[in-house]
Amino acid sequence: MYNVNIHFYFTVRNNPSKIHSQISASSVAFHTHKCYELIYYYAGKGYCYIDDTKYEYGKNDCIIVPPNARHNDVNVKNTKAFCFGFSVNHEEPCLRAGKYSDADKTIMHYLNMICDEFAHKENDYVSAVQNLIKNVIILLNRATTEKMVYQTRTDELEKVIEYINKNFTQDIRPQEFETITNYSYDRFRHIFKHAIGVSPKQYIIGKRFEYAKELLAASELSITEVAYRCGFASSALFTNQFKKRTDLTPKQYRLQLGAQKVFTDAQSSYSEND
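Below, the structure is looked at part by part. (Residues numbered from 1 in each chain as written. Predicted model: local features only at pLDDT ≥ 70, side-chain atom pairs only at ≥ 80, totals over all residues. Heavy atoms only, no water.)

1. Quick look at the packing of aromatic side chains
Applying the stated criterion across every chain yields a total of 20 aromatic pairs. Taking the centre distance of 6.3 Å and the plane angle of 20° together, the rings of phenylalanine 209 and phenylalanine 238 count as stacked. Here phenylalanine 209 is found in helix 5 (residues 200–218), whereas its partner phenylalanine 238 is found in helix 7 (residues 235–246), with 29 residues between them in sequence. Phenylalanine 238 shares its class with phenylalanine 209; the two are buried. An aromatic cluster of three or more residues is present, and its members are Phe177, Tyr185, Phe188, Phe192 and Tyr203. In this structure, arginine 70 packs its charged tip against the face of phenylalanine 30, placed 4.0 Å from the ring centre. For the cation-ring pair, lysine 80 lies above tyrosine 42, with the distance from its terminal atom to the ring centre recorded as 5.6 Å. (Phe/Tyr/Trp six-rings, centres within 6.5 Å; stacked < 30°, edge-to-face > 60°. Helix = DSSP H or I, 4+ residues; strand = E, 2+ residues; numbered from the N terminus. Buried < 20%, exposed > 50% of the residue type's maximum accessible area, 1.4 Å probe, protein only. Lys NZ or Arg CZ within 6 Å of the ring centre and 35° of its normal.)

What follows is the structure, encoded as structure tokens:
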């Protein structure tokens, strides 16, 4: 089991409205620590820089500053925060710099208990604080992992959607998605449907029908040629699926668009002559 060492702890209250009128916000100048620093904002809002990255914070946000990272803090509105510095041994995975939202206030619960331990300093309070900090570290590491997985999935989904948008008229095989995402197709299909709302196959078919409607409206291509250009195996299959989606055959859809255009042109001509 890894060890936790406590380096410092303190609370902060800032109220920029009470500062001289020429100063818009209170601030902490850039500095570094040899340990981790956790800053939990019970109230207020502001921003900070950790090295070259800016993080805006608000109520129930938690900022993690890694060891030796150059950072500051600019309070914009009535900040109340709790700060403590700690270090862990090398067996514990490193915490990543950044802002973590504590919407369910689980981290705040542990920090309040830590504050109580510091305030009363009963027997063995240091061990109690160390154990509480370990629980906070577990929560932050879990949040980091979930954030990284989500970002990875988002990046891969963007690549897949870009690939589909360029190739939806072709025969796209499941193995191609596996190559792009490094997931099995079943796993990828689950992730895709959860994020987009439809399966990859349904998304591809949707793109084909969008393109088919464009061709039917803007060209005089035959129904067979439209079906072929949109990636359907036959005009019969295209017609059957098109009718299921629109209650019209492709020919009826095209005729309806033509009738609407004639009506619109007639209205426009009547208005001009009136």
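Having put the structure on the table, let's press on.
2. Description of the pairing of strand 3 (residues 36–50)
Here strand 3 runs beside strand 6 (residues 71–88); their pairing, made up of 11 bridges, is antiparallel. What sits directly across from tyrosine 47, in strand 6, is valine 74. Strand direction decides the pairing type here: strand 3 and strand 5 (residues 61–65), joined by 5 bridges, are antiparallel. Considered in strand 5, the bridge of leucine 38 is made with isoleucine 64. Where strand 3 lies against strand 4 (residues 53–57), 5 bridges are found, and the strand directions are antiparallel. (Pairing = 2+ DSSP bridges.)

3. What to know about the pattern of salt bridges
In total, this model carries 4 salt bridges according to the counting rule given. A salt bridge links lysine 166 to glutamate 162; the nearest nitrogen and oxygen atoms lie 3.4 Å apart. Linking lysine 166 with glutamate 162, this pair stays in helix 2 (residues 125–167), spanning 4 residues, or about one helical turn. According to the relative accessible area criterion, lysine 166 is exposed, its value standing at 62%. The partner of glutamate 210 in a salt bridge is lysine 207, and the shortest N-O contact between them spans 3.8 Å. Taken together, the residues glutamate 210 and lysine 207, both in helix 5 and 3 residues apart, mark about one turn of the helix. With a relative accessible area of 46%, glutamate 210 lands in the partly exposed category. Residue class for lysine 207 comes out buried when judged on its relative accessible area of 18%. (Salt bridge = Lys/Arg side-chain N within 4 Å of Asp/Glu carboxyl O.)

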